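Commentary on secondary and tertiary structure
If you want the building blocks of each chain, they are given just below.
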Amino acid sequence: MGSELLIAVAVVAALIPVVVPECQRRDYSHGSVVCVCNATYCDFAGDIGLPPSGSAFAFESSKDGLRFAKTSIPLSRAPTQDTSVNDTLLLVLDSSKTYQIVYGFGGAFTDAAGINVKSLPEKLQDDLIKSYYGKEGIAYNMGRVPLASTDFSERKYTYDDSPGDLELTNFTLAQEDLDLKIPYIKKATSLVSGPLLLIGSAWSSPAWMKTSNTLEGGGVLIGEPGSAYYKSWAKYYVRFLQEYLRQGIRFYGVTAQNEPTTGFAPTVSWPALGFTAQTQKEFIKLDMGPALDEAGYGADVLQLLIFDDSSDSLPEWSNVVLSDTEAAEYVRGVAVHRYSDKSVSPAGLDHVHENFENKFILSTQASAGSAAKPEDKVLLGSWERAEEYASNIIEAAPAGFKSPPTHPSL
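Remember, predicted model here, so these are calculated numbers, not experimental data.

The rules behind each value
- Residues numbered from 1 in each chain as written.
- Predicted model: local features only at pLDDT ≥ 70, side-chain atom pairs only at ≥ 80, totals over all residues.
- Heavy atoms only, no water.
- Helix = DSSP H or I, 4+ residues; strand = E, 2+ residues; numbered from the N terminus.
- Buried < 20%, exposed > 50% of the residue type's maximum accessible area, 1.4 Å probe, protein only.
- Contact = heavy atoms within 4.5 Å.
- Areas by Shrake-Rupley, 256 points an atom, 1.4 Å probe, with all protein chains shown as cover.
- Salt bridge = Lys/Arg side-chain N within 4 Å of Asp/Glu carboxyl O.
- Arc of directions from axis to C-beta.
- Pairing = 2+ DSSP bridges.
- Right-handed = clockwise from strand over helix to strand, strands pointing away.
- Axes fitted to C-alpha atoms, helices over the stretch in contact; angles between N-to-C directions.
- Parallel < 35°, antiparallel > 145°, perpendicular 65-115°, else oblique.
- Nonpolar A, V, L, I, M, F, W, Y, C, P; charged D, E, K, R; others polar.
- Polar contact = N/O pair within 3.5 Å; in protein donor to acceptor, adjacent residues only side chain to side chain.
- Phe/Tyr/Trp six-rings, centres within 6.5 Å; stacked < 30°, edge-to-face > 60°.
- Lys NZ or Arg CZ within 6 Å of the ring centre and 35° of its normal.
- Patch = residues over 30% accessible without salt bridge, like charges linked within 9 Å, V, L, I, M, F, W, Y side chains within 5 Å.
- Expected span 1.5 Å × (residues − 1).

Structural notes on the overall build of the protein chain
- When helices and strands are tallied, the protein chain shows nine helices and 14 strands.
- Within the protein chain, the fraction of its 410 residues that count as buried is 44%.
- Excluding contacts between residues fewer than 6 apart, the proportion of contacts in the protein chain whose partners are at least 24 apart in sequence is 73%.
- Total accessible area on the protein chain is roughly 20200 Å²; 54% of this is exposed by carbon and sulfur atoms.

Focus: the pattern of salt bridges
- For the structure on display, the rule yields 17 salt bridges.
- Here Glu-243 and Arg-246 are joined by a salt bridge, their closest N and O atoms 2.5 Å apart. With a gap of three residues between them, Glu-243 and Arg-246 both fall in helix 4 (residues 228-246), about one helical turn apart.
- On the basis of relative accessible area, Arg-246 is assigned to the exposed category, the value being 60%.
- One continuous salt-bridge network, built from bridges that share partners, spans Lys-281, Glu-282, Lys-285 and Asp-324.

Details of helix 8 (residues 347-355)
- Listed as buried for helix 8 are Gly-348, Leu-349 and Val-352. Taken around the axis of helix 8, the buried residues stretch over an arc of 105 degrees, which confines them to a single face.

Considerations on the pairing of strand 10 (residues 197-202)
- The element strand 10 is largely enclosed, with a buried count of six among its six residues.
- Burial along strand 10 is two-sided: Leu-197, Ile-199 and Ser-201 and Leu-198, Gly-200 and Ala-202, pointing in opposite directions, are all buried.
- Here six bridges tie strand 9 (residues 142-147) to strand 10, and the two strands are oriented parallel to one another. When the bridges of strand 10 are listed, Arg-144 appears paired with Ile-199.
- Relative to strand 11 (residues 253-255), strand 10 runs parallel, the two being bridged by two bridges. Opposite Gly-200, over in strand 11, you have Val-254 as the bridge partner.
- As a crossover connection, the stretch from strand 10 through helix 4 into strand 11 is right-handed.

Focus: the packing of helix 1 (residues 111-118) against helix 3 (residues 175-191)
- One way to put it is that helix 1 packs onto helix 3 with a least axis distance of 9 Å and a crossing angle of 80 degrees. Classified by the angle between their axes, helix 1 and helix 3 sit roughly perpendicular to one another. Taken together, the residues of helix 3 that come into contact with helix 1 (itself represented by Asp-111, Gly-114, Ile-115, Val-117 and Lys-118) are Glu-176, Asp-179, Leu-180, Lys-181 and Tyr-184.
- Here the contact of helix 1 with helix 3 is built from residues that sort into four nonpolar, one polar and five charged.

Quick notes on the environment of Tyr-133
- Looking at the secondary structure, you find Tyr-133 in helix 2 (residues 122-133).
- Tyr-133 gets classed as buried once you look at its relative accessible area, which sits at 6%.
- Residues Tyr-133 and Lys-187 lie 54 residues apart in sequence; the distance between their C-alpha atoms is 8.9 Å.

A few points about the sheet that holds strand 14 (residues 360-365)
- Here seven strands make up an open sheet; going across it, the order is 8-9-10-11-12-13-14 and the pairing parallel. For this open sheet the edge positions go to strand 8 (106-108) and strand 14, each flanked by a neighbour on one side alone. Neighbouring strand axes in the sheet, compared pairwise and without regard to direction, differ in orientation by 30 degrees on average.
- In this structure, strand 8 lies alongside strand 9, joined through three bridges in parallel fashion.

As for the side chain of Thr-364
- When you line up the elements, Thr-364 lands in strand 14.
- A distance of 2.6 Å separates the side chain of Thr-364 from the side chain of Asp-308, its partner in a polar contact.
- Setting aside chain neighbours within four positions, we find Thr-364 in contact with Arg-144, Asp-308, Ala-335, Val-336 and His-337.

Topic: the packing of aromatic side chains
- Inspection of every chain in the model, using the stated rule, returns 18 aromatic pairs.
- With 5.7 Å between their ring centres and 25 degrees between their planes, Phe-109 and Tyr-133 make a pair best called stacked. Of the two residues, Phe-109 is situated in the loop between strand 8 and helix 1 and Tyr-133 in helix 2; the sequence distance between them amounts to 24 residues. For the pair formed by Phe-109 and Tyr-133, the shared burial category is buried.
- An aromatic cluster is present here, built from Tyr-159, Phe-171, Trp-233, Tyr-236, Tyr-237, Phe-240, Tyr-244 and Phe-251 joined pairwise through their rings.
- The ring of Phe-57 carries the charged tip of Lys-70 above its face, separated from the ring centre by 4.0 Å.

Quick notes on a nonpolar patch on the surface
- Together, Tyr-28, Val-378 and Leu-380 make up an exposed nonpolar region whose accessible area comes to about 280 Å².
- Relative accessible area serves as the criterion here: at 41%, Leu-380 is assigned to the partly exposed category.

A short note on helix 2
- If you check helix 2, its first and last C-alpha atoms are 16 Å apart, about what 12 residues at 1.5 Å a residue would give, namely 16 Å.
- Tucked inside the fold, the buried residues of helix 2 contact strand 8, helix 1, strand 9 and helix 3.

Spelled out as structure tokens, the structure:
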């Protein structure tokens, strides 16, 4: 092996086990036991920290209840003996080669999440958020925040349901923001070691801005990019950012539209707004980009992401928007969803990575079990769903996570 193979490693027999937190087991007959978190006990992973020089940490969970079992693995140079004749697993790392930077993981601050968290005793609320965002948990550092209602809301609403209010004089955050999102965003912010990177996404404009005059189902903005309704919709984003800032919350970025292709599906029962790649390009260039700039949310302050949809149409969409130099000037990244991953290869991510190197890629939405029957929406202990999420992360990471610009206001 050449000298460029800097680190080689690890003999299975040399693994050094570390004490594992106790798991309070419960079996829901979905293939694996789960560990119960209650008011008296939660088994957090613990503050991982950095491994000692010359070693690495491995964590293992199993179907029979092993949970975040931590193992210290000694690292060494490649052995001179033939490792194929014994049970040695040899991993060779070349630290002279670098690819992309994974700069965060996170979850969504939806109405549904807030309703469930709020239903718990205060101690459990704190422990639940800590299990995600605390250093004792899995140390999330990102969060997605919907602009108004989604398919994870109990009612359909926007921040300005006053028809014809193009100047948005009646714009106001909803009670759901004040009760179900903002308190838990602030708790998460208090737990992360650095800034909490928040991404805002809108499902639909107010119904009165749309050709369909309804929040749910198909419909596009009235008029054309550059006209009054498109400019009002761009201003809506600005007002959202300003109102959250008044609550002490800054955003790292926004997407230009959640699932813009869904806005052409008249049968969907949740809020949606349609954009083609062409209209999104023109909207960003004529309306959204200038509105963000004018309000102090330019590309040097706020990350604007395009697409925010399933990956089957990603190559064409990125070509249309990012090949336009005026639109691309406002855009910092591309947001993708994972719902078509079983039928569409990750090649679309490679396409963006290779053709638009100055744009980063962010996976913004995934939901294992989204197509399940109502009685199967939640399957506690489902190993298959865990593997589904893991496979998505593994497929996405090599293709496209790149280092985004630093947020100067954080």
